[in-house]
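Each chain, written out:
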Amino acid sequence: MAMEYSEKVMDHFMNPRNVGEIEDADGVGEVGNAKCGDIMKMYLKIEDDIIKDVKFKTFGCGSAIATSSIATEMIKGKHIEEAAKLTNKAVVEALEGLPKVKVHCSVLAEQAIKAALSDYYKRNGIDPEPILGKIPPAESCHIHD
Amino acid sequence: MKKPFVYVDNSATTKVSDSCFNAMLPYFKEKFGNPSSIYSIAHDAKLAVETARKKAADAIGALPEEIFFTSCGTESDNWAIKSGARLAMKKGKNHIITTNFEHHAVLHACQSLEEAGFEVTYLPVDSEGMITPEQVEEAITDKTALVTIMYANNEIGTILPISEIGAICKKKNVLFHTDAVQAVGHVEIDVHEQNIDMLSLSGHKICAPKGVGLLYVKKGVRLPNLLDGGAQERGLRGGTENVAYIVGLGQALEDASKDIYDRNKRLEYFRNKLTDGVLSKVPKVRVNGSLKHRLAGSVNFSFEGVEGESILLLLDGYGICASSGSACTSGSLDPSHVLLAIGLPHEIAHGSLRISLCDENTEEEIDYIIETIPKVISRLREMSPIWNE
Ligand SMILES: Cc1ncc(COP(=O)(O)O)c(C=O)c1O
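Everything in this summary refers to the structure shown in the same document. Everything numeric in this text was worked out from a predicted model, so none of it was measured.

This part covers unusual backbone geometry. Residues and elements named next belong to chain B. One non-glycine residue, N173, adopts positive backbone phi at about 60°. Structurally, N173 can be placed in the loop between α7 (162-172) and β6 (175-179). What makes N173 exposed here is its relative accessible area of 62%. A positive phi angle, near 55°, is found at R234, a position not held by glycine.

Right, let's get into the packing of helix α9 (residues 260-281) of chain B against helix α14 (residues 363-383) of chain B. Residues and elements named next belong to chain B. Where α9 contacts α14, the two axes come as close as 9 Å, and the packing angle between them is 20°. Taken together, α9 and α14 sit at an angle that is classed as roughly parallel. Relative to α14, α9 is oriented so that their crossing is right-handed. Contact residues: Y269, F270, K273, L274, G277, V278 and K281 in α9; E363, I366, D367, I369, I370, I373 and P374 in α14. Within the contact of α9 with α14, the residues separate by chemical class into 9 nonpolar, 1 polar and 4 charged.

All names here are of chain B. A cluster of nonpolar side chains, contributed by F21, L25 and F28, occupies part of the molecular surface with about 300 Å² of accessible area. Looking at the secondary structure, you find L25 in the loop between α1 (18-24) and α2 (26-29). You can call L25 partly exposed: its relative accessible area is 41%.

This paragraph deals with the sheet that holds strand β7 (residues 198-202) of chain B. Residues and elements named next belong to chain B. One open sheet accounts for 7 strands, arranged β2-β8-β7-β6-β5-β3-β4; its pairing is mixed. A single partner strand is all that each edge strand has here, and the edge strands are β2 (67-70) and β4 (119-123). This sheet shows a mean twist of 20° between the axes of neighbouring strands, independent of strand direction. Direction of pairing for β2 relative to strand β8 (residues 213-217): antiparallel, over a ladder of 4 bridges. Bridge assignment links F69 to a residue of β8, and that residue is L214. Together, β2, β7 and β8 form the strand contacts of helix α3 (residues 40-60), whose direction differs from that of β2 by roughly 115°. Against the sheet, α7 touches β5 (144-148) and β6, its axis set at about 160° to β6.

Residues and elements named next belong to chain A. The strand order β1-β2-β3 describes an open sheet built from 3 strands, whose pairing is antiparallel. Single-partner strands in this sheet number two, and they are β1 (27-33) and β3 (50-59). Between one strand axis and the next, the sheet turns through 15° on average, direction left out of account. Inspection of the sheet shows strand β2 (residues 38-47) paired to β3 by 9 bridges, in the antiparallel sense. If you follow K45 over to β3, its bridge partner there is D53. Where helix α2 (residues 62-75) meets the sheet, it contacts β2 and β3, and its direction lies at approximately 175° from that of β3.

For the rest of this paragraph, the subject is the nonpolar core. Ranked by internal contacts, the top residues of the largest apolar core, which has 72 residues, are A:L117, B:F301, B:F303, B:I311, B:L353, B:I355 and B:I373. Ranked by the residues each element gives to this core, the list is headed by helix α5 (residues 103-123) of chain A, at 10 residues. Those residues in contact with B:I355, other than ones at most four positions away along the chain, are B:V8, B:L274, B:G297, B:S298, B:V299, B:F301, B:A322, B:I369 and B:I373.

All told, the structure shown has 1 cavity of 30 Å³ or more when counted by the stated rule. Its boundaries defined by the atoms lining it, the largest cavity holds a volume of some 40 Å³. A:T58, A:F59, A:G60, A:I65, B:G305, B:V306, B:E307, B:L380 and B:S384 are the residues that line the largest cavity. Among the residues making up the lining of the largest cavity, the classes are represented as 4 nonpolar, 4 polar and 1 charged.

Glancing now at helix α1 (residues 7-14) of chain A. For α1(A), the set of buried residues is A:V9, A:M10, A:H12 and A:F13. Summarising the axial view, the buried residues of α1(A) lie within an arc of 165°, below the 170-degree limit, and thus occupy one face. Those residues of α1(A) that are buried are in contact with α2 of chain A together with α10 (308-317) and α14 of chain B.

What follows is about the layout of surface pockets. Residues and elements named next belong to chain B. Of the pockets and cavities examined, the largest pocket occupies roughly 740 Å³. N10, T14, C207, C358 and D359 are the residues nearest the centre of the largest pocket, which is lined by 36 residues in total. Of all elements in the fold, only β1 (6-7), α1, α8 (243-256) and α9 reach the threshold of two or more residues within the lining of the largest pocket. Top element by residues in the lining of the largest pocket is α8. It accounts for 3 residues. Of the residues in the lining of the largest pocket, the class split is 14 nonpolar, 12 polar and 10 charged.

All names here are of chain A. A cluster of acidic residues, E47, D48, D49 and E81, forms a negative patch on the protein surface. For E47, the position within the fold is in strand β2. For E47, a relative accessible area of 42% translates into the label partly exposed.

Another aspect to go through is the site of the ligand. Residues and elements named next belong to chain B. Near the ligand there are 13 residues, and of these T74, D179, Q182, S202 and K205 occur at the shortest range. Take T74: an N or O atom from its side chain is 2.6 Å from an oxygen atom of the ligand. Interatomic distance of 2.8 Å between a side-chain N/O atom of K205 and an oxygen atom of the ligand. Across the complex, the protein chains shield 87% of the 390 Å² of accessible surface that the ligand would expose by itself.

Criteria and cut-off values
- Residues numbered from 1 in each chain as written.
- Chains lettered and ligands numbered in written order.
- Predicted model: local features only at pLDDT ≥ 70, side-chain atom pairs only at ≥ 80, totals over all residues.
- Heavy atoms only, no water.
- Helix = DSSP H or I, 4+ residues; strand = E, 2+ residues; numbered from the N terminus.
- Buried < 20%, exposed > 50% of the residue type's maximum accessible area, 1.4 Å probe, protein only.
- Axes fitted to C-alpha atoms, helices over the stretch in contact; angles between N-to-C directions.
- Parallel < 35°, antiparallel > 145°, perpendicular 65-115°, else oblique.
- Left-handed = near helix turned anticlockwise from the far one by under 90°.
- Contact = heavy atoms within 4.5 Å.
- Nonpolar A, V, L, I, M, F, W, Y, C, P; charged D, E, K, R; others polar.
- Patch = residues over 30% accessible without salt bridge, like charges linked within 9 Å, V, L, I, M, F, W, Y side chains within 5 Å.
- Areas by Shrake-Rupley, 256 points an atom, 1.4 Å probe, with all protein chains shown as cover.
- Salt bridge = Lys/Arg side-chain N within 4 Å of Asp/Glu carboxyl O.
- Pairing = 2+ DSSP bridges.
- Core = buried A, V, L, I, M, F, W, Y, C linked by side-chain atoms within 4.5 Å.
- 1 Å grid on protein atoms, 1.4 Å probe; cavity = no way out; pocket = protein on both sides within 12 Å on 5 of 7 lines; lining within 4 Å.
- Points joined across faces, edges and corners; volume = space filled by probe spheres on them.
- Arc of directions from axis to C-beta.
- Lys, Arg positive; Asp, Glu negative; His and termini not counted.
- Charge placed at Lys NZ, Arg CZ, Asp CG, Glu CD.
- Near = heavy atom within 4 Å.
- Polar contact = N/O pair within 3.5 Å; in protein donor to acceptor, adjacent residues only side chain to side chain.

Okay, structure coming up:
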C-alpha cells in the first residue's frame, strides 16, 4: 500500500513471524483494548531465564501486527533481562521507521512484552515492578509518543 | 499472471471518464483563452463555460444562472453554509440545523459558525443512518437561519428524505442546503420541485477531475460573495474560470444524469450479489446503514475481531482498492464519526469496510471480491486475540 510503511513493515505485516498461542506458556501479557483498535497478546516459554519460544496475537492495524511480529523476533532466544530492556525505539528502528501516527504501536509492542514478563515474574513469586517499572493501564487510547 | 486491479472506492473518488476527458482536452492547448477576453479562442472558452453551466443546470432541474462553479465540494459546502448564515444573520437569525453524520466539510463549517456565536443543532441519525422530516420540523425555531442536510451519506450510503425536508423548510421559510456530492448520478434531482435552495456537487465523484465543483443557488437567494474579485460567476466568486475542468464537470453531469434507472439496476444487482456473497461466507459480519434507502453501488460492512486498515492492506495485496472508517485509516484516535453516529461500538466501527462501485465494475470483479474477502478476514481473525469462533 502506498501508505508510508517501509518495506520491512510490509514484510512483517504480510508474513508475520511467530503468530499463535503457547498453551503452556510461562508468561502471558495483553495490552491495549478493542475500543482503541489495538490489542496485543504475547505468550512466552521460558527456560533457565531464556526465552525459548514466543508467540503473539494482535488485533490492530498493519503497524500493530508488524511491530508485534518483529518484537517477537527480537526477544526470541534472549535472556529475560535483555528482553526486558527492549524499547519501542529499537522496534521502530528494526522496522526501518514507522509513520509518526503509528509510533504508539511500537510502544504497545514494548508493553506487551513487559506485561508477559511481568506475568512470568509474578508466577515465580518475584515482584516485577523493580525490574520492569510500571506498566501503564491499557484503557487509554492516548499513548502517542 | 498479471495481478488484478479492482477499484471499488468510487465514493472516495472516480476515474475520469473518456467522455469527460475528451471534452476537456481542447481547452488546455487550443481554446485556452481567458473567457473574459475578446478574441475568438476566448469566446470559445466563454461559450464552453456557459454550455457546461447549461448542462449542469439541466442535470439537476435548475436554471443556468443558478449554477456557480467552484473548486470543489468542500468549497461549495463552506460557501453555502457560511454565506447562508451571514445572510440570515441580517434577519436576526442565529440557529443552524444539520445532522451528526455529515461530511467534515459541513460539520467543520458548522463548528466554525458555532465559534462565531451561532447555535447549531446536530440531529442524531438513527441506527439505520436515517433522520425523519419530523426531526427537522421539530428542531426549527423562529431563530433558524439554515437547514443543511446531506442528500446521501458518503460512508454508509444512506439516502435521506430530502424532498420532505425541502417541503418543511419551504413551509417554515427557512433556507435549505443539501450536500449532494454522493447522490448525484444515483438519484433523480429536481431542485425546484424538491424545494432545495442550495445544493453542493463535486466533480471527482462522478468521473470528472478532482478540484472542480459547483453550488446551485436558487434565484432570489442573495447569497453573499465567496470571493471578491472580478465579474466571474456573476461577481459572486471572482477568479478566472477553470475552463477545462468546468467543461469536464458539465460533461460528467450530463452523463451522470442520463440512464440513472438503468445504472442503479445494474449497480444494485452487483451490490446485492456482493453483500449476499460476503454475508453467506463470513460469520460475524454486519451491513451498516439502511438496506432500503441507500445508494445503489455502496455497501459498508463491519467484521468482528479485525481492524479496518489491516483489511485494506491485505485487500491491496490482492489488487482491491476499498476504504474503511477505522481510526487507523482516519488518522485519528477515533473511528469514523458516521459509524459512531449510527451507534456502533468502537470495536465494531474499527472493523469496517466500504465498497463503492461504478459503471466500469464487472461481474468478474464482484466474484473476485466475494472470493477474496473471506480469505482476508479469516487470515486476520486467526491472528486476532479477540476472535474466537
Ligand atoms: C458528502 C461529501 N461532501 C463533500 C465532499 C468534499 O468534496 P471535495 O473533495 O470535492 O471537496 C465529499 C468528498 O469527499 C463528500 O463525500
